[in-house]
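Residues per chain are reported as follows:
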Amino acid sequence: MTDLVVYNASQVATPTDDAELETIRDGAVAIDDGTVVARGPTDDIVREYPPENAVTAIDASGATVLPGFVDPHTHALFAGDRADEFTAKLRGTTYQEILAEGGGILRTVRAVREATRDELVANLLQQLDVMLAHGTATVEVKSGYGLDVETEVKMLGAIAEADDRHAIDVVSTFMGAHAVPEGMDADSYVDHVVEEQLPAVAERDLAEFCDVFCEAGVFSVDQSRRVLEAGREHGLKTKIHADEFERLGGAGLAAELGATSADHLLQSTAEDIETLGDSAVTPVLLPGTAFALATDYADATAFEEADIPVAIATDCNPNCFSQSMEFAIELACNGMRLSPASAIRAATKTAAAALDRTDGTGTLQVGSPGDLVVADVPGYEHLPYNFGVRNVETVVKGGEVVHRD
Ligand code: NIG
Ligand code: FE
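Residues numbered from 1 in each chain as written. Chains lettered and ligands numbered in written order. Predicted model: local features only at pLDDT ≥ 70, side-chain atom pairs only at ≥ 80, totals over all residues. Heavy atoms only, no water.

### Topic: the sheet that holds strand β6 (residues 69-71)
At step 1: In spatial order, the strands read β6-β7-β8-β9-β10-β11-β12-β13; together these eight strands make up an open sheet with parallel pairing. The open sheet has two edge strands with one neighbour each: β6 and β13 (311-312).
At step 2: As paired elements, β6 and strand β7 (residues 136-142) share three bridges and run parallel to each other. Bridge pairing in β7 links F69 to T136.
At step 3: The strands touched by helix α9 (residues 250-257) are β9 (209-214), β10 (237-242) and β11 (261-264); relative to β10, the strand with the most contacts, the crossing angle is about 165°. (Pairing = 2+ DSSP bridges. Helix = DSSP H or I, 4+ residues; strand = E, 2+ residues; numbered from the N terminus. Contact = heavy atoms within 4.5 Å. Axes fitted to C-alpha atoms, helices over the stretch in contact; angles between N-to-C directions.)

If you want it as structure tokens, here you go:
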């Protein structure tokens, strides 16, 4: 018996080590023991893996099969409601003005400090359900709405519990350096992150990555370096919020530290792009953030021209409230002018690289994790072409159907 065979697909599309996006017409994929064991034309695959001998057989006639999406940058665990800030931003108030008045991140911090761990788990599970329905099979979630030991640990504990209870794989990132809490200066807060929060998080083995908001008025390059180097000493890999509002030097710091990813990069210059290209850092672009802030998008085509693959993510958070990788792919095309093939690769294989997943996650290559989506479209181009709707109808994680319309 094979665990799962999906066959008769109008198209199977996957990035591979050799091709940006390989497509097979009338294709099929077989999954056994949680991993992809075969991919090819339906006739060939069903001969070796007959659907009648599979635990689950999916006739994907008229549909497209893609790898499960990987969302490598979110702040999807939060409490409270900031819909009124959305309205204020539409009236012209800026994100930084809201933050300077104690709103924005600081307002979510107050709500998260008040929430119980169970409430946080329930909130995250709700977000994960929506993400899954849009095809996300692996997601990164950051802490950073606690800004004290107790609440950062509470958040990371809630992330771990949600990971245990949900089909989506959740990768956790410690981001104590997300904002400077009210009543403190940045330097003494960095001392607190390094001396109190990081040891508490590392001791409980609660995070894989350490991230920092390297931004004018938040954490300087030197303060960011201090946090990230301390994270390394505790065994945490490196991510950086770089050059989102101002070009402070976050991209250069990412290259200097050999970060796994540098994220946002809205203000990055040609020089920064060259620096990143000379490094192993994966750039993560967040088109939803530019959309929500009504600013220019990151210069995705400059990365493309320099032959640097980019990842995309939703950046799901109370300022950019979208759980949908389908929407991120649509914006990557319609807003950042990536081709549909590049956008899908950015949402799968390159997104997995931004999470240091080297086991084939984000592809349907033989030996990769058996994570796929079946989208009700005749070919991959239709996914961003037909925007603003949910095209994903079935999601498979590790060879099991975990979402079906
Ligand atoms: O990636 N830029 C900093 N952090 C988030 C926003 C978080 C928030 O506004 O709550 C981001 O966009
Ligand atoms: Fe972020």
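And the narrative resumes.
### Looking at the coordination of the iron ion (ligand 2)
At step 1: Protein ligation of the iron ion (ligand 2) involves H73 (NE2), H75 (NE2) and H241 (NE2), the donor distances falling in the range 2.0 to 2.1 Å.
At step 2: For the iron ion (ligand 2), the four donor atoms in the first shell make angles of 96 to 125° at the metal, so the coordination geometry reads as tetrahedral.
At step 3: Here the donor residues of the iron ion (ligand 2) are spaced in sequence according to H-x1-H-x165-H. Of this pair, H75 sits in the loop between β6 and α2 (83-90) while H241 sits in strand β10, and the two are 166 residues apart along the sequence.
At step 4: Using a relative accessible area of 2% as the deciding quantity, one classes H241 as buried. (Donors = N, O, S within 2.8 Å, 3.2 Å for Na, K, Ca; no water. Tetrahedral: all angles 85-135°; square planar, octahedral: opposite > 155°, others 65-115°. Buried < 20%, exposed > 50% of the residue type's maximum accessible area, 1.4 Å probe, protein only.)

### Quick look at the packing of aromatic side chains
Geometrically, a pair of aromatic rings is defined through the distance of the ring centres and the angle of the planes.
At step 1: Tallying each qualifying case throughout the model produces four aromatic pairs.
At step 2: Ring geometry for F291 and F327: centres 5.3 Å apart, planes at 80°, overall edge-to-face. Of the two residues, F291 is situated in helix α11 (residues 287-293) and F327 in helix α13 (residues 325-334); the sequence distance between them amounts to 36 residues.
At step 3: The exposure class of F327 is partly exposed, given its relative accessible area of 25%.
At step 4: Across the ring face of F209, the terminal group of K239 is positioned such that the distance to the ring centre comes to 5.0 Å. (Phe/Tyr/Trp six-rings, centres within 6.5 Å; stacked < 30°, edge-to-face > 60°. Lys NZ or Arg CZ within 6 Å of the ring centre and 35° of its normal.)

### So, the site of ligand 1
At step 1: Ligand 1 sits among 15 residues. The nearest are R82, Y95, Y145, E244 and D315.
At step 2: Contacts to ligand 1 include R82, whose side-chain N or O atom sits 2.9 Å from an oxygen atom.
At step 3: At 2.8 Å from an oxygen atom of ligand 1 is found a side-chain nitrogen or oxygen belonging to D315.
At step 4: In isolation ligand 1 has 330 Å² of accessible area, and contact with the protein removes 100% of it.
At step 5: Residue classes in the shell around ligand 1 are distributed as five nonpolar, seven polar and three charged. (Near = heavy atom within 4 Å. Polar contact = N/O pair within 3.5 Å; in protein donor to acceptor, adjacent residues only side chain to side chain. Areas by Shrake-Rupley, 256 points an atom, 1.4 Å probe, with all protein chains shown as cover. Nonpolar A, V, L, I, M, F, W, Y, C, P; charged D, E, K, R; others polar.)

### Observations regarding the pairing of strand β12 (residues 282-285)
At step 1: The side-chain alternation of β12 yields two buried faces, one formed by T282 and V284 and the other by P283 and L285.
At step 2: Relative to β12, β11 runs parallel, the two being bridged by three bridges. In the sheet register, D263 faces β12, and the bridge partner there is V284.
At step 3: With two bridges joining them, β12 and β13 adopt parallel strand pairing. Pairing of V284 across the sheet is with A311, part of β13.

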